[in-house]
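Each chain, letter by letter, is given below.
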Amino acid sequence: MTNSSTNPTGLVLNIQHFCTHDGPGIRTTVFLKGCSLRCKWCSNPESIHPKPELAYNISKCIGKKQCGLCLKPPCSEGAFYVLEGEDNRIRVNWDLATDCGQECVDLCPTGALYLFGQAMSVEQVLDEVEQDSTFYRESGGGMTLSGGECQLQPDFSAALLQEAHRRGFNTAIETAFNVPWSHVEKVLPHVDVVLHDHKLTDPERHKKWCGVDNRQILANMKRAYETFPDKTFIARTPLIPGVNDDEEHIRSVLAFIRPYPNVIDYELLPYHRFGESKYGFLGRVYELKDFTSPSPELVQRLRAIIDEALGRSGLLEQTQEFKP
Amino acid sequence: MTSVTTPTLTAQERAIAEGKKSLYENVSDRVLRMYEAIRGYGPPRVALDRAVLFTESFQETESQPMVVRWAKALKHYAEKAPIAIFDDELIVGRPNTWLGRWGIVYPELDGSIMPGGVEMFRKNKGQAGEVIVTDEDARLINDVLTPYWTGKDYASAFHDALPEETRFLMFGPDPKNLLLPTCVVLATSNIRHSQNWTPDFNKILTRGVKGIRAEARAKLDALTEPRDMIYKKPFLEAVIATCDAMTIWSKRYAQLATEMAAKEQNPQRKPELLTIAEVCNWVPENPARTFHEAIQAQWWGQMFNRIEQTSSAMGQGRMDQYLLPYYQKDLAEGRIAPESATELFQCLWIQMAQCVEIKLNPVAAAGTEGFSKFEDICLGGQTTDGKDATNELTYLILESTRALQIPVPEPCIRIHANTPDRLLHYVAEVIKDGKGFPKLLNDEMVIPFYLANGATMKEALDWNISGCCENRLINRETNVTGNGGINYGSVTEMTFRNGKLKVLKDIQFGVQTGDPRTWTSFDQVWNAFCTQLGYLAKHALIQQHLALKIKPNYFAAPATSMLHDLAMEHCRDLHSHGDYIPGAIDHSCFEAIGKGTAIDSLAAVKHLIFDTKRLTWDQLLEAMEANWEGHEAIRQMCLNAPKYGNGIEWVDQIGWEIEHFILEYLHQHPKPHDQCFLLRQIPVTFHVPLGKVTWATPNGRPANEYLAEGISASHGMDVKGPTVALTSMAHGRDLSYREKGGDLINLKFSPANVAGEEGTRRLMQIIRTWSELKHWHVQFNIINKQTLMAAQKDPDKYRNLIVRIAGYSAYFVDLSPMQQAEIIARTEEHMG
Ligand code: SF4
Ligand code: SF4
């Protein structure tokens, strides 16, 4: 969505303040819309499609009797309807609700109808990010780009990161690296900390669970580690029960990153279902309905393997009762 | 990304779940026994000995100068009041004869409405906020106190002397109504003798009352001017009598302890009683020699100030500073160890925890729910030469308060740029216990404030905390008169209802600023708002000037005044500060409550009627008039309109404009002698009763619901997290006036969000940033929502659960259902 190289605009999903798990310190995370993978466990399904899209949260709707504003123009006829004899709340015909834009959701007084994705300029994004700058100073935090896949909007991302640096903030990205190398080349020079996913090692299984195989991803990672020896890389695995929560996977990632001293850490992110409700809001189906979070014991055991491999005692993780 | 786990419990929640008596182990059996006895006693009871003895004395002294009458009453009390020492007590002296919570009533303050208050409390039996008033107590109040004080008390005199228009705004159309204020224009001079106060207790410790008495004596002997015989002599005589009274009272305790020791069979208790006797024989008459004597002397100082008057909030001063020499000396000479010092501190805290504020006026009671008492211990901060003042006592005091499940006293930390990380880390850990302690005040804000108001650098560096988020220069400030204030909710309603207030019978209270339907620009809305605001502000100042003028005829405070440098220098009682004591910094406070409600209402109107034109005036006004009933879609639009606290510049700017308007108004209407009115935005719990009288407002709030508190956003409306909330609040302030006083900020986190060492570090970073943003005050509620809801259902199990209200903490079960709901509704901040 680049319209000029000096002040490009991009498709932004959300700017989240006070993030504490997306890099060092207190951070502001900018979620960009659009992703080239289709991970079945994705907790941000609204971030995948590279266009603005309509969402609907039925629990907020106050129904036809009290409102019904979306049943009239300018909303497309038939896109919204009520089931007679039911709760009088609106239902969405997702096939007809394809053209819904800002003026449509603006009508909805409750925010039950809303839009994921908004075009924003670099300036707009950074102005909002900058509101937190006092907190970065104290905590060593800064801005993190996430997604979707932020490297799919390389010019916009590069411009955001550059501007963040110009305003004095630390920068980080969260990426899956499933993009052409030319994108990486544009983005990474402006990143201080690269948080990147090692989802699955085996190309076929990667394809099965994430929609595409991981050849490009692995090549990008190696090349990035080598091309940017001064950057800080942190590897991560979203721990999905029965998919990649086994010792073998952990050890293979450790083997992969071991030669590179600039990969300073390897984190495990246990699977959670926080994203599930959003599938419903978008009229999609959540496939992992029967999945549960991995047990704390398992997570602890796998983390111990990492600690050992990285030469840490693991004690740091535990909370200590402070005595003055 | 984080994983879901079972809820993290705070130390307080864990203690309750496990049925433990204290949060940590550093509490001796003695202290725990006393704690249990106090909690077992149940609701607080009115302590009437002081009222009865004061009344007896006042009947004898009617034509004498007020300050002398007060001193004589104190002496009469000291000689005659029943005294008691209970098992396990090491620090003694109380105004009652039971081991349990007590609240003194002060008939000279509001004796006229006391029968109404008694009735209210008798009806309230078994409900939150219950106060024990026995049949005998009721008889004393109705038959002994009320007959004498009716028509002689301050509250009724103040009411009668109010200009008609002001009285109308404060008490409504019935000229006889004194019990039920309107909550439109507010006053607190009629519910307490004094504004929050911090007496300079250190003078009792270092000089003894003997030293103060000698100073008064010498001054008295040196008086020669005829004028001084009228103005100064009574004060000095009163000081001498007050010093005598304190000595008499302590020596009676010494005598009692000696007698009890003689009869005591328990070989452990016997020497304790002998020590108590020795200590009480020596202090407060003489300078304290040991740590134990220093603590007992401090308590005598507190107690005598409480018997003298109520200020609703008694700051304890910079205890880690003035107690340090005694502690270090005893430590060096082997008289004490950190454990025994902790026990003495805890004995003092247990005494303080028994003292509650009982308001006989129903609105005052609602505004200070949970028997709010701001018994601040000021810790940390800087020395008078600008160095960090943290010392070993800072930690010891904080640690001694940490374990106990009592809502007072309250440790407060003065934070500054060089507050050591070690202290901040410990503070964050204590905050995570979940009792709302300690609260934090900001040197980086308060010191410039004092410099702008004429303090020297040395004085400014030595400021004290006093009250929920107020501060004091304890030897320069003289403002001991309760404050005036306004209800932003009323201002908002009057703006849109042409000066009328619906809950108050739709009577014309404010200015007729016109029918909003005729307004075609937001400027007209703003002008109407300012007109209403200015009108109420004017009357808030009028009532304040009246209070300042007439109060010296009703109150005096020799025990408090004799600890104040300027009062002693000029031989003037502090209650005469309305006439200005030379050299004083003499503010009066102007309270404004519900800022977030006003901002959001104006923002909703600007957005919906003018900017997007989504609503017409008819639609909005009709919906509000119907309290949104049948207009849910419109209410939803209002609720979803841009809100304060989310970093939206034009919305936060409205906050700035409101503040700027009031500050400019106060600046234009100063007090004499180049003194000013301070704007404070601190709700205590007044945002609940003030909301009750406010009809539906354009921010989507239904009629009667609480207003936003402090300078916080409306409940649950700041959805972007604490960083944005804090910066938004910072943008909504105007710091260019010396009239800019304290603001209150509440932040609420779930315990999981601040768990572990990482969570502690985050809290430290938030605190540092809060300080850099030049905020005045912050307090933290760290508690699981489930715990609060469980406590609503099972108050017995959770009877010791302490929550943060506004500048103070209280037992959750002591709060009304509405206030409990308000606490639950506060925005919970999340870390992503
Ligand atoms: S406009 Fe929104 S609230 Fe109204 S009926 Fe449609 S979805 Fe429901
Ligand atoms: S890479 Fe991330 S955003 Fe993209 S589909 Fe996978 S989990 Fe979702």
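Thresholds, definitions, all that
- Residues numbered from 1 in each chain as written.
- Chains lettered and ligands numbered in written order.
- Predicted model: local features only at pLDDT ≥ 70, side-chain atom pairs only at ≥ 80, totals over all residues.
- Heavy atoms only, no water.
- Axes fitted to C-alpha atoms, helices over the stretch in contact; angles between N-to-C directions.
- Helix = DSSP H or I, 4+ residues; strand = E, 2+ residues; numbered from the N terminus.
- Parallel < 35°, antiparallel > 145°, perpendicular 65-115°, else oblique.
- Left-handed = near helix turned anticlockwise from the far one by under 90°.
- Contact = heavy atoms within 4.5 Å.
- Nonpolar A, V, L, I, M, F, W, Y, C, P; charged D, E, K, R; others polar.
- Buried < 20%, exposed > 50% of the residue type's maximum accessible area, 1.4 Å probe, protein only.
- Pairing = 2+ DSSP bridges.
- Buried area = accessible area lost by both parts, 1.4 Å probe.
- Salt bridge = Lys/Arg side-chain N within 4 Å of Asp/Glu carboxyl O.
- Near = heavy atom within 4 Å.

Q: Hey, could you go over the packing of helix α27 (residues 595-611) of chain B against helix α30 (residues 649-668) of chain B for me, with residue numbers and the actual values?
A: Two packed helices can be described by the angle between their axes and the distance between those axes. Residues and elements named next belong to chain B. Where α27 contacts α30, the two axes come as close as 9 Å, and the packing angle between them is 125°. Judged by the inter-axis angle, α27 sits oblique to α30. At the point where α27 passes α30, the crossing takes the right-handed sense. Of α30, the residues touching α27 (which contributes K595, A598, I599, L602, A603, K606 and H607) are W650, V651, I654, G655, I658 and E659. Of the residues that constitute the contact of α27 with α30, the class distribution is 8 nonpolar, 2 polar and 3 charged.

Q: Give a description of the pairing of strand β2 (residues 27-32) of chain A that names residues and reports values.
A: For a regular strand, side chains alternate in direction, first toward one face of the sheet and then toward the other. Residue and element names in this part refer to chain A. Counting buried residues along β2, 6 of its 6 residues qualify, which places the element largely inside the surrounding structure. Residue alternation in β2 divides its side chains into two sets, R27, T29 and F31 and T28, V30 and L32, and both sets are buried. Where strand β1 (residues 9-19) meets β2, 5 bridges bridge the pair, whose relative direction is antiparallel. Along β2, the bridge assignment pairs Q16 with T29. In this structure, β2 lies alongside strand β8 (residues 142-146), joined through 4 bridges in parallel fashion. By the bridge assignment for β8, T28 is matched with M143.

Q: Can you explain the interface of chain A and chain B? Please cite residues and give values.
A: Opposite the 35 residues of chain A that make contact, chain B presents 39 residues. Summing both sides of the interface, chain A and chain B together bury roughly 3500 Å²; the carbon and sulfur share of this comes to 60%. Counting every contact that joins chain A to chain B gives 2 salt bridges. Note that K720 of chain B is salt-bridged to E128 of chain A, the shortest N-O span being 2.9 Å.

Q: Could you give me a rundown of the sheet that holds strand β3 (residues 185-187) of chain B, with the residues and numbers involved?
A: Residue and element names in this part refer to chain B. Sheet architecture is open: 5 strands sit in the order β3-β9-β12-β13-β14, paired in mixed fashion. Two strands bound the open sheet, and with one partner strand each, they are β3 and β14 (740-743). Averaged over all neighbouring strand pairs, the angle between strand axes comes to 25°, with direction disregarded. Note that strand β13 (residues 677-681) and β14 share 2 bridges and pair parallel. Bridge pairing in β14 links Q681 to D743.

Q: Describe the site of ligand 1, and please don't skip the residues or the numbers.
A: Surrounding ligand 1, one finds Y56, C61, I62, G63, C67, G68, C70, I90, C108, P109, T110 and L113 of chain A. A breakdown of the residues in the shell around ligand 1 according to their chemical character gives 9 nonpolar, 3 polar and no charged.

Q: Which residues make up the site of ligand 2, and what values go with them?
A: In the region of ligand 2, the neighbouring residues are C35, L37, C39, C42, S47, I48, G148 and K199 of chain A. For the shell around ligand 2, the class distribution of residues is 5 nonpolar, 2 polar and 1 charged.

Q: Hey, could you go over the pairing of strand β12 (residues 588-593) of chain B for me, with residue numbers and the actual values?
A: Across the 6 residues of β12 of chain B, 6 count as buried, placing the element largely inside the fold. The alternating pattern of β12 of chain B places S588, F590 and A592 of chain B and C589, E591 and I593 of chain B on opposite faces, both of which are buried.

Q: For the sheet that holds strand β9 (residues 170-175) of chain A, give the residues involved together with the corresponding values.
A: Residues and elements named next belong to chain A. Judged by pairing direction, the sheet is mixed, and its 8 strands sit side by side in the order β7-β1-β2-β8-β9-β10-β11-β12 without closing on themselves. At either end of the open sheet lies a strand with only one pairing partner, and these are β7 (118-121) and β12 (263-270). With strand direction ignored, the average angle separating the axes of adjacent strands in the sheet is 30°. Two elements, strand β10 (residues 193-197) and strand β11 (residues 232-239), share 5 bridges in a ladder whose sense is parallel. The residue bridging D197 from the neighbouring strand is R236, located in β11. In the packing of helix α5 (residues 154-166) onto the sheet, contacts are made with β1, β2, β7, β8 and β9, and the angle to β8 comes to roughly 170°. With respect to the sheet, helix α9 (residues 247-257) is in contact with β11 and β12, its orientation differing from that of β12 by roughly 160°.

Q: Tell me about the environment of P438 of chain B, residues and numbers included.
A: Mapped onto the elements, P438 of chain B comes out in the loop between α20 (421-432) and β6 (439-442). Taking the C-alpha atoms as reference, P438 of chain B lies 41 Å from Q265 of chain B; in sequence the two are 173 residues apart.

Function-wise, these values are silent; they only describe arrangement.
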